[in-house]
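Architecture and fold: a report
In case you want the letters, here they are:
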Amino acid sequence: MQDTYKHKGMRKQLIDELRKKGITDERILTAFDAVPRHYFLDLVFEQQAYSNMPFQIGSGQTISHPYTVAFQTSLLELKRGDKVLEIGTGSGFQTSILCVLGAKVFSIERHKELHLKAKKIIDQLGFTPKLFFGDGYEGKATYAPFDKVLVTCGAPEVPQQLLSQLKIGGVLIIPVGDLDQQQMLRIERVSETEYTEEMFGNFSFVPMLEKTVR
Ligand code: SAH
């Protein structure tokens, strides 16, 4: 696949749109410039890849709106070298944004087909996150604790395993709610046993489901 001047131009327009919608962190906007979103989509969506829309990516799943990706990323308040666990690799677009921002990324996807597809594109782009096929409800105990955990599917409740795999001072970003709508939560682990919670409005994600699909 090619990254043409036209794609780059469309990307600039998307970045302007994200800026107007309140994404002010220049590092995040620059990361959006560095990751060609059209690589992660089927060819039929190529011309619309830089509109603020979600698209089907196979296995009944969608790539999130660019604004949602940018918003969740800004809530993470990433520092270079942060260990980040992402639940829901999906297309791999959000994973790549985290890599550009200098995070050490661990990402889990429950659909084998999507896991393999994302791995291929991410390898081609030269990013080196650790990608796992598995159930995100379990987190990744072998690599815990994490500075940040980012859930990119709508969870019915906050999974206990993900809370317990946070560092003290670590942050979990997770949309929690029913199938139609979820509230974006930012949960900080302030001590071994205490957590604080803030809410950041309603979103609509595909559901976080248990078990893997081969
Ligand atoms: N971050 C992705 C968003 C994909 S949508 C992107 O940028 O494209 C959310 C993804 O979460 C879907 O691919 C879905 O299959 C996955 N998912 C849902 N429940 C999961 C679970 N328990 N563990 C891992 N992945 C899960």
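Quick notes on the rules
- Throughout this description, residue numbers start from 1 for each chain and increase along the sequence as written.
- Owing to the predicted nature of the model, reporting of local features is limited to residues with pLDDT of at least 70; listing and counting of side-chain atom pairs is limited to 80 or more, with chain, interface and lining totals taken over all residues.
- As a rule here, side-chain values come from all non-hydrogen atoms in the structure, and water together with hydrogens is ignored.
- Residues are said to line a cavity or pocket when one of their atoms sits within 4 Å of a point; the points come from a 1 Å grid over protein atoms alone, cavities being sets where a 1.4 Å probe fits but cannot get out and pockets being open sets with protein on both sides within 12 Å along at least five of seven lines.
- Grid points are joined across faces, edges and corners, and a volume is the space filled by probe spheres set on the points.
- Helix numbering and strand numbering both begin at the N terminus, where a helix is a DSSP run of H or I of at least 4 residues and a strand a DSSP run of E of at least 2.
- Note on residue classes: Ala, Val, Leu, Ile, Met, Phe, Trp, Tyr, Cys and Pro are nonpolar, Asp, Glu, Lys and Arg are charged, and everything else, Gly too, is polar.
- Exposure is judged per residue with a 1.4 Å probe applied to protein chains only, and the accessible area is read against the type maximum: over 50% gives exposed, under 20% gives buried, and values in between give partly exposed.
- Contacts are assigned to residue pairs with any non-hydrogen atoms lying within 4.5 Å of each other.
- Each salt bridge in this description consists of a side-chain nitrogen of Lys or Arg and a carboxyl oxygen of Asp or Glu lying within 4 Å of one another.

1. Focus on empty space enclosed by the protein
This structure, assessed with the given rule, holds 1 cavity of 30 Å³ or more. In this structure, the largest cavity encloses a volume near 40 Å³. The wall of the largest cavity is formed by F40, I57, G90, S91, L114, K117, A118 and I121. The element contributing the most residues to the lining of the largest cavity is helix α5 (residues 112-125), with 4 residues. Taken together, the residues of the lining of the largest cavity sort by class into 5 nonpolar, 2 polar and 1 charged.

2. Concerning the environment of L163
Here L163 shows up in helix α6 (residues 160-164). When the C-alpha atoms of L163 and S204 are compared, they prove to be 22 Å apart, with 41 residues separating the residues in sequence.

3. A short note on the side chain of T73
Take T73: it is sitting in helix α3 (residues 66-76). The exposure class assigned to T73 is buried, which follows from its relative accessible area of 2%. Residues within four places of T73 in sequence aside, it is in contact with I28, Q94, I97, L98 and L101.

4. Structural notes on the pattern of salt bridges
If you walk through the whole model with that rule in mind, you get 13 salt bridges. In this structure, D3 engages R11 in a salt bridge whose closest nitrogen and oxygen atoms are separated by 2.9 Å. Of the charged contacts in the structure, one is a salt bridge between E188 and R186, with a shortest N-O distance of 3.8 Å. E188 gets classed as partly exposed once you look at its relative accessible area, which sits at 27%. For R186, a relative accessible area of 9% translates into the label buried. Bridged by salt links that share partners, the residues D3, R11, K12 and D33 form one connected network.

Geometry only, nothing functional implied.
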